[in-house]
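Listed below, chain by chain, are the residues.
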Amino acid sequence: MKTITPCRARPLALTLAVVAACAAHWPAAAQHLHGPELHNLLEQEKQTQNVYRAYYPSAEIARKAAISFHGQLLESDFKRGFLVMELDAADMDRLRPFGFRFELATDYIELRNRRLTLMQILQAKRGTAEAQPLSIPGYACYETVEETFAAADALLAARPTLGSWVDAGDSWLKTQGTGGYDLRVLKLSNSAVPAPAGGKPKLFINSAIHAREYTTAPLVLEFARWLVNGHGNNADATWIMDHHEVHLMLHANPDGRKRAETGLSWRKNVNNAHCANTNTRGVDLNRNFTFGWNSTGGEGSSGSACSLTYRGPSAGSEPEIQAIQNYVRSLWPDRRGPAVTDAAPADTSGIHMDIHSYSQLVLWPWGNTATPAPNGPALQTLGRKFAFFNGYTPTQSIGLYPTDGTSDGISYGELGVAAYTIELGTSFFQSCASYESTIKPGNLPALIYAAKVVRTPYITPAGPDVTALALAGDASGVGVAAGTPVALSGSASDARFNNSNGVEGTQAIAAAEYTINTPPWEAGAVPRALSAADGSFNSETETLAGSVDTAGLAPGRHTVYVRARDASGAWGAVTAVFLNISDTPPLPLVLAEVEPNDNFSQPQVVPSLPAQVNANMGSARGEVRDRDFFAVTVAPGRTLSATLTPGPESDFNLEIYDAALALLARSTQGVGRVDLATASNTSGAPVLMYVRVYFARGVTGPVNGDYRLDLAQ
Ligand SMILES: [Zn+2]
């Protein structure tokens, strides 16, 4: 096997080194097994006969078995009521008390062996040389390890300010100097937006820690594409990347994943010190985490080296786990006390997601005890929110038996950070059709939601979501002129939870607001209230209505942040939309004067501003003492300016009055001179003002004639 030369030596094995600059030097060639060794492993798997149909007594028991016996699971057939599982006698003894009965899964074994034979034939055709990177035969939608890294490299090359690679450590093979991989974390955030004191809130996701779980890394890579390609195009992707950090360890077990890419049902790492030279060698990485390692008297992990849930010789013995644990500890401070009952503070920031397949579950701590975690209610709220998007069953991570040494130990157990395990889909080797049609569209919104609420994941998910946010007019295209009010529409709902496993408490919407350019949690944000389209906030789902004040906005793109609050006081996640302000001033409405407009009770209404009124004083109707009244509506915080341009020989004057007919401003320039008067609306609501034009008393020369009145705010 080829030895990989690291592009930059790390001073210490566990020191995190940013290596974005040398991304091009990462090994490009696929690392896969030599023909004879692979042939032998495929042959071993074909000999594995202890595969059974485990008929379950109820869907509830099947779901719990999928949690506790995730390592033994191979396939599910919910129509016919069985799980296909690789079981030894002890496993069967543990399942029987729950009502399971077993049948040899001969059809599964036969199909599996046909598939493995096909892989042997394909491998033989390729020969023993290290060929170019292969996609996974029959599963073209799933990137190989190399394709995953190459795709992420391309994202960074296209948008270098949006991310970098961090080298978090080495895979087991690499620690042995026999190939292997750096455990790379794709860190995504817009470096052009500086981090505030305390740093940006951080979401950490690792995937493919179990090698055969095909869908996991591709989903997380898809999330990376959404974030990077969405920056500047999608308002939510943009603010997430500007204000938060997303850390993606796309392949947490790349050595094992390369074996699974050959068709082997590989779960563990490839540490050959345990169950050497077999296809069940290695350590179950998701039983090797330090917190609570081997804490359930052998129920939640195995001490047998060949077991699929072998916990390893000691807590955190595996280099992959050391890398993840050190990385997680570098992201977040410890906010949870030492006792198992110590809750992390409600404002604890950060989310860790460990993406697995399969079983359609959203899981949160604890997994090693049925006792709820001290932050259990808040973990459950966010879990039910994730499950709203993907339709999976949300539940505490305990099934028929406990599990121990799992990934939530480092983040939640040690640090108090919200931790979730998502079990995607319905099989390890999921078909591309169901990945594309169901898993990706169902789970991408859950990851996006996690990135939105990562600032306060124990608080924000209780609040309402804002959806279908839109601005009227041309706000998304060339834009509107500054000062033009833009209608906002959207929906706020406090009811977006999966209630398939208990019912989440919800309340009526109580308020909604928007801010422009400054998100609501930052100092200097100026919130403006939105209203309910039906007139009052009184139900769990409300249509939002409002007008965005664009006064004073510079030409270019702006961000409108919207959020809603429920009656419990919880503000929900922010949803944003872009607002484009054009660089051309608005065209005035051009009107002709309409007589009679001779007093305050009979003004000519000017329907919008700016406006230009072409008018005439007196003589057109033969009046001796004409005067013209106009009514305008001035927006909150805005100043009305009225400009009167008379003919060269005329002397007309100008006044502005408020709605109570109090004089606000007057201008009395002489013959042929322009009058300008201004008056401000300092209130928080639109107000009516009157503009009065009249000829000056006692002047000589013509007292009638054409004039132009320009009105703006
Ligand atoms: Zn797994």
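Residues numbered from 1 in each chain as written. Predicted model: local features only at pLDDT ≥ 70, side-chain atom pairs only at ≥ 80, totals over all residues.

Draft legend 1. Quick look at the overall build of the chain. If you tally the helices and strands in the chain, you get 13 helices and 30 strands. Relative to a compact globule of 713 residues, whose C-alpha radius of gyration would be 27 Å, the chain shows 34 Å and is clearly more extended. Projected onto the principal axes, the alpha-carbon positions of the chain cover approximately 115 × 50 × 45 Å. When the 713 residues of the chain are sorted by exposure, 49% land in the buried category. Long-range contacts, defined as pairs at least 24 residues apart, comprise 74% of the intrachain contacts of the chain with a sequence gap of at least 6. (Helix = DSSP H or I, 4+ residues; strand = E, 2+ residues; numbered from the N terminus. Rg over C-alpha atoms; globule rule 2.2 N^0.38 Å. Buried ≥ 20, exposed ≤ 12 C-beta atoms within 10 Å, placed from the backbone. Contact = placed C-beta atoms within 7 Å.)

Draft legend 2. Spotlight on the sheet that holds strand β26 (residues 652-658). The mixed open sheet is built from five strands, whose spatial order is β22-β24-β29-β26-β27. This sheet does not close on itself; its edge strands, each paired only once, are β22 (604-605) and β27 (663-667). Of the strand pairs in this sheet, β26 and strand β29 (residues 687-695) are connected by seven bridges, and their pairing is antiparallel. Following the sheet pairing, F652 is matched in β29 by F695. (Pairing = 2+ DSSP bridges.)

Draft legend 3. Representation of the domain arrangement of the chain within the structure. Each domain of the chain was delimited in the assignment, giving domain 1 (130-141 + 194-453), domain 2 (463-581) and domain 3 (589-712). Domain 2 and domain 3 are separated by 38 Å when their C-alpha centres are compared. (Domains from an automatic or database assignment.)

Draft legend 4. Region of interest: the nonpolar core. Counting 143 residues, the largest nonpolar core has V220, A224 and A450 as the members making the most contacts within it. Setting aside residues no more than four positions away along its own chain, V220 makes contact with I205, S207, L248, L250 and I355. Of all hydrophobic cores here, the second largest spans 24 residues; its members include A615, M617, V632 and A679. (Core = buried A, V, L, I, M, F, W, Y, C linked by C-beta atoms within 7 Å.)

Draft legend 5. Inspection of the sheet that holds strand β3 (residues 73-77) at higher detail. Strand order in the open sheet made by the four strands is β3-β4-β2-β5, with antiparallel pairing throughout. Each edge of the open sheet is held by one strand with a lone partner, namely β3 and β5 (101-104). The average angle at which neighbouring strand axes cross in this sheet is 25 degrees, direction not considered. (Axes fitted to C-alpha atoms, helices over the stretch in contact; angles between N-to-C directions.)

Draft legend 6. Representation of unusual backbone geometry in the model. The omega angle of the peptide bond from S357 to Y358 is -5 degrees, so this bond is cis rather than trans. Following P365, the chain continues into W366 via a peptide bond in cis, with omega recorded as -5 degrees. By secondary structure assignment, the location of W366 is in the loop between β11 (361-364) and α11 (376-390). Of note, A208 is a non-glycine position whose phi angle comes to about 60 degrees, a positive value. Looking at where A208 falls in the secondary structure, it is placed in the loop between β8 (202-207) and α7 (216-230). One non-glycine residue, C275, adopts positive backbone phi at about 60 degrees. Relative to the helices and strands, C275 resides in the loop between α9 (254-260) and α10 (319-331).

Draft legend 7. View of the packing of α11 against helix α13 (residues 432-453). With their axes 7 Å apart at the nearest point, α11 and α13 run at an angle of 150 degrees to one another. Crossing of α11 against α13: the hand is right-handed. In this structure, α11 contributes K385, F386, F389 and N390 to the contact, and α13 contributes G442, N443, P445, A446 and Y449. (Left-handed = near helix turned anticlockwise from the far one by under 90°.)

Draft legend 8. Quick peek at the pairing of strand β7 (residues 182-188). With respect to burial, β7 is a largely interior element, seven of its seven residues being buried. Sheet analysis places strand β6 (residues 163-170) next to β7, joined by six bridges and oriented antiparallel. Looking at the pairing, D170 lines up with D182 of β7. Across three bridges, the pairing between β7 and strand β9 (residues 245-249) is antiparallel. Directly across from L188, in β9, lies its bridge partner V246.

Draft legend 9. Molecular detail of the packing of α7 against helix α8 (residues 235-243). Contact geometry of α7 with α8 gives a least axis separation of 8 Å together with a crossing angle of 95 degrees. The orientation of α7 with respect to α8, classified from their angle, is roughly perpendicular. In contact with W226, L227 and G230 of α7, α8 contributes A237, T238, I240 and M241. Residue composition of the contact of α7 with α8, by class: five nonpolar, two polar and no charged. (Parallel < 35°, antiparallel > 145°, perpendicular 65-115°, else oblique. Nonpolar A, V, L, I, M, F, W, Y, C, P; charged D, E, K, R; others polar.)

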